[in-house]
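So you can see what is in the structure, the chains are spelled out below.
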Amino acid sequence: MQTPAPFDYAKATSVADALALLDKHGEEARVIAGGHSLLPMMKLRLARPDALIDLNDIAELRGIRIEGNEIVVGAMVRHAEILSSAILAEHYPIFREAEHMIADPIVRNRGTVGGSMCQADPAADLSAVGSALKGTAVIQGAAGTRTVALRDFHEGPYETKVQAGEILTQVRYPIRPGAGSAYEKVERRAGDWAVASSGVFVVVSGGVVTDCGIGLTAVGADHYCAPAAEEFLIGKAPTEENLAAAAKIAGDSCNPVADQRGPADYKAHLAYELTLRALRRAARSSQGA
Amino acid sequence: MTALDEAPLSAAGNPIGFGRMHRKEDVRFLRGEGNYVDDVNLPGMLHSAILRSPYAHARIVSIDTSAALALPGVHAVITGETLAGLGLAWMPTLSYDTQAVLATDKVRFQGQEVAFVIADSRYIAKDALELIDVEYDALPAVVDAKKALDPGAPIIRDDKEGKTDNHIYDWEAGNKADTDAAFAAADVVVTEDILYPRVHPSPMETCGSVAHMDPVTGKLVLYTTTQAPHAHRTVYALVAGLPEHKIQVISPDIGGGFGNKVPIYPGYVCSIVGSIVTGKPVKWVEDRAENLMSTGFARDYHMNVSIASTKEGKILAVKVDVLADHGAFNGVAQPTNYPAGFFHIFTGSYDYPAAYCNVKAVYTNKAPGGVAYACSFRITEAVYAIERIVDCLAAELKMDSAELRLKNLLRPEQFPYTSPTGWEYDSGDYEKTMRVAMDIAGYDELRREQAEKRAKGEYMGIGISFFTEGVGAGPRKHMDILGLGMADGCDLRVHPTGKAQVRLSVQSQGQGHETTFAQIISHELGIPPEDIEVIHGDTDNTPFGLGTYGSRSTPVSGAAAALVGRKVRDKARLIAAAALECSPDDLEWELGRWFVKGDPTRGKTIQEIAFAAHGSLELPEGVEGHLDAQVVYNPPNLTYPYGCYICVVDVDPGTGQVKVRRFIAVDDCGTRINPMIVEGQVHGGLADGIGMALMEVIAFDEDGNNLGGSFMDYLLPTSMECPDWELGETVTPSPHHPIGAKGVGESATVGSPAAIVNAVIDAISPFGVRHADMPLTPANVWRAIQGRPVRTDMAVE
């Protein structure tokens, strides 16, 4: 049995309560959502927060709904809810495709959107999805609420724009009528972290790509995205040649590091290969195929 | 009666004898009522934790335990220095080497035991570990086995007087001159470097112990995760000088072993010392990372394999040079006369006259071990070597791999067959088994489909493995562990009401012994299996024997159980004759009953006989009362199960991903006592094979850091990677086993990796690939396709 170092624990009943508890317990306190990243690190004593502020009872952080032309996902929405959400399935199949390959049902029943975004693991799938869809994060602190583009949300591995005393409360995704989306991932085994993943959305209108987003994870893509590849595609017909050229730009923009999941050249290749596969499917889907 | 006959059913619906029945033990397991070592809680029990080395190789300059000792709730901190005072800093391994219990001079692998804290709770013990200040002087580590013998390589075992290199032993088998001559005369020679990388058995339950040395009686009761309780008892007596009659080893429910729970680990010894020092029971249970990083790994064989044949594909000879990485201490567990285990059974299932192997074992700065993970004493490595090289030969000859195997398989009339390396295979009809597998697979159709797919640029592969194992160690004359002969006792007591208890030395880790052994007794005596209690795992209450590993339970203790049943049956005959007032010669046995020949209405059931045996019936002279018996079974030979496995995969060359589409396993393990248990064991072993072939490896970086120390890094397969297994069987009984049974617990683990790897290589052979090392992760497959394979046992660069 692995045992964490001693810590205090408090259960928050509202966002305001959570912020007050964070303030009370000081800088070494951490919020806990699903706990599937934080608890293992604590049990290995790689993380040793003084206190955990539990967000699991906060109703206002739950739910998936449409507000105007955005889909709003509460920070405490579980992976399993994303997977089964009719709203997300209707607008962005990328969510279901990604969630099917995130960990396993037990983890998905507990792990949350907010927890995944804030953990900022360089191989996180939802970070790639969020960057692909160009969503925004809603962050609340004592001073009020602010929004940050998901493409600016991550400062680097395990670092985000959420400051001490703040909580991520929502993630918002713009609705794009006619968009096709897809997610492609290579893992060594079901439930493993990505060796590499690519998630994209494409809007094809009048025979050309009018909007698109490319998200990548585990391959050292800056902010989990490939803007140069997106720019290349805009205004071009979604031909195999153009999609491949965009995928090539995306692959070249990555900076993967070798680890036991694979060597860097392989991961760079996957960034290309998986982006191409995702673009093909998303473009077909946008064209009603 | 043979195994193929239907056994009659008991009132509870179980077969009286052999056949399918639910496992008796599953009732408690499914209800969460198992009793594992960590479930043992004794009054006043203390908890413990081990401080482990962060370095692979470093000199210990100093250890300061004062802050840890000062932590409230800490009872004692034991270091190597403490143990040295008791003469226990080092302990013998099962291979006549020594291993540090707690390091004194140096640490020799990452995760090695350095200090032991005893405290009120495991939390406090872990807190105290952080307060122990160890000053290390880091040394360069020997990580690559291929460089272990380089001049100037750091000397790992400078504790051994006069040791000037990292060499452990050289060992050879077969006939070198004959083999060289066969190679010189051959039309075709194929050679390949084949690595069987370091993997880990990873039982669900990690290792642990609860030691209670009673300060008044001087009796040590040790609850411990052991596959071999009796062997452990004797070893503790020999190592610690404890009187053996005052040692009781209890192995309660064991959550998987796979050879991981054969060695004696420093943690066990520390818990004993802890109990002696504190006068209280001390529990030690390692966590997952500790299990992965410090306990017995498996394999780590670097094999250079060569095969010689005629141009028509008749195999003439095989030779193998092995570089064996044993880690920092030679801690492998196998019969003394076989330092490389049974690796020299590598000649496999084929008929050829010449073979030779040389095994060179070296120390490296890695955890000790090597024989584990259902390997049947290194037959896993042997089967992988021969089955991989046969496929390489098929590729070289441009011959179908099934055709090449069929051309060379041993023929039924050759049994008993003496192999070129000296094994005597007991029985087999190999071609029959292979044909059954090919029929289930639809082999010709698969090859046709493959050709069609290739034309379309799709990469499907078909891989075959035909394996032969030798299991059931062993004949006592040839096989011992630390001088303990590998024979097993068995006691049977039939109570007055006809219910029975059978006592065994082997210890189930999930194999279903409580069911299988009841069925064996049931088969011999006609007592329903639900009326037979199997008692095991407690050395005070069971006869001596060497334990469960190497698929030896059924071949050895299973034979003992059958024979003790027959002994009771013979005694029952004498008692029945007395009761029926006739001569024993006039009696005939039918299942569960002796009756008078020619008058079947006059007879006594085994239950009636049991009561009479304990009652007032006048017994013939020389017949003692009661209905009990004991035997010790010394097997005349190993049993030789075999099988043919066929795997079908689809490979995505763009990503290197492998999908195992089908897996056909046809096993011949002789008589099947409970076919459902056999199938369950095969299922588990096939999943092991998927793991080893596709994802499992413990690699190390250049500093000797273990890169497989958690289940995030060391991947075990899930149901998602496993296809619906397609099983078949043939039954060729062992001629020398009382019920014709052979061991089967390890067959699928031994046989399956080669089938999977052969299938993957077959799939990507159009890219010019002839071999790639396990594990065939997507990255490794893609790199192989690129012609730039990676070294899978080292950090990926």
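Before going into details, it helps to say that this report is about the structure given with it. Since the structure is predicted, the reported quantities are computational estimates derived from the model, not experimental observations.

**Overview of the overall build of chain A**
In terms of regular secondary structure, chain A is built from twelve helices and 13 strands. Taking 2.2 N^0.38 as the reference for a compact globule, 289 residues should give roughly 19 Å; the C-alpha atoms of chain A span a radius of gyration of 19 Å, in line with that estimate. Counting only C-alpha atoms, chain A reaches 55 × 45 × 30 Å along its principal axes. Relative to its full complement of 289 residues, chain A shows a buried share of 56%. As presented, chain A carries roughly 11,400 Å² of accessible surface, and 52% of it is formed by carbon and sulfur atoms. For chain A, the distance from the average site of its 29 positive side-chain charges to the average site of its 35 negative ones is 4 Å.

**Details of helix H1 (residues 15-25) of chain A**
Along an α-helix, a turn takes 3.6 residues, which lines up residues three or four apart on a common side. Residue and element names in this part refer to chain A. The complete set of buried residues in H1 reads Val 15, Ala 18, Leu 19, Leu 21 and Leu 22. Around the axis of H1, the buried residues are gathered within 160° of arc, so they sit on the same side. Of the exposed residues in H1, the ones pointing more than 90 degrees away from its buried face are Ala 16, Asp 23 and Lys 24. Each element contacted by the buried residues of H1 is listed here: strand S1 (8-11), strand S2 (29-32), strand S3 (51-54), strand S6 (136-141) and strand S10 (167-174).

**Describing the packing of helix H14 (residues 553-580) of chain B against helix H15 (residues 606-613) of chain B**
Residues and elements named next belong to chain B. With their axes 9 Å apart at the nearest point, H14 and H15 run at an angle of 75° to one another. Relative to H15, H14 is oriented roughly perpendicular. Taken together, the residues of H15 that come into contact with H14 (itself represented by Ala 572, Ile 575 and Ala 576) are Ile 606, Ile 609, Ala 612 and Ala 613. Grouping the constituent residues of the contact of H14 with H15 by class yields seven nonpolar, no polar and no charged.

**Digging into the side chain of A:Arg108**
All names here are of chain A. Mapped onto the elements, Arg 108 comes out in helix H6 (residues 105-108). From its side chain, Arg 108 meets the backbone oxygen of His 100 in a polar contact 3.4 Å long. Arg 108 has contacts with Arg 78, His 79, Ala 80, Leu 83, Glu 99, His 100, Met 101, Ile 102 and Ala 103, leaving out every residue within four places of it along the chain.

Reading the values: the criteria
- Residues numbered from 1 in each chain as written.
- Chains lettered and ligands numbered in written order.
- Predicted model: local features only at pLDDT ≥ 70, side-chain atom pairs only at ≥ 80, totals over all residues.
- Heavy atoms only, no water.
- Helix = DSSP H or I, 4+ residues; strand = E, 2+ residues; numbered from the N terminus.
- Rg over C-alpha atoms; globule rule 2.2 N^0.38 Å.
- Buried < 20%, exposed > 50% of the residue type's maximum accessible area, 1.4 Å probe, protein only.
- Areas by Shrake-Rupley, 256 points an atom, 1.4 Å probe, with all protein chains shown as cover.
- Lys, Arg positive; Asp, Glu negative; His and termini not counted.
- Charge placed at Lys NZ, Arg CZ, Asp CG, Glu CD.
- Arc of directions from axis to C-beta.
- Contact = heavy atoms within 4.5 Å.
- Axes fitted to C-alpha atoms, helices over the stretch in contact; angles between N-to-C directions.
- Parallel < 35°, antiparallel > 145°, perpendicular 65-115°, else oblique.
- Nonpolar A, V, L, I, M, F, W, Y, C, P; charged D, E, K, R; others polar.
- Polar contact = N/O pair within 3.5 Å; in protein donor to acceptor, adjacent residues only side chain to side chain.

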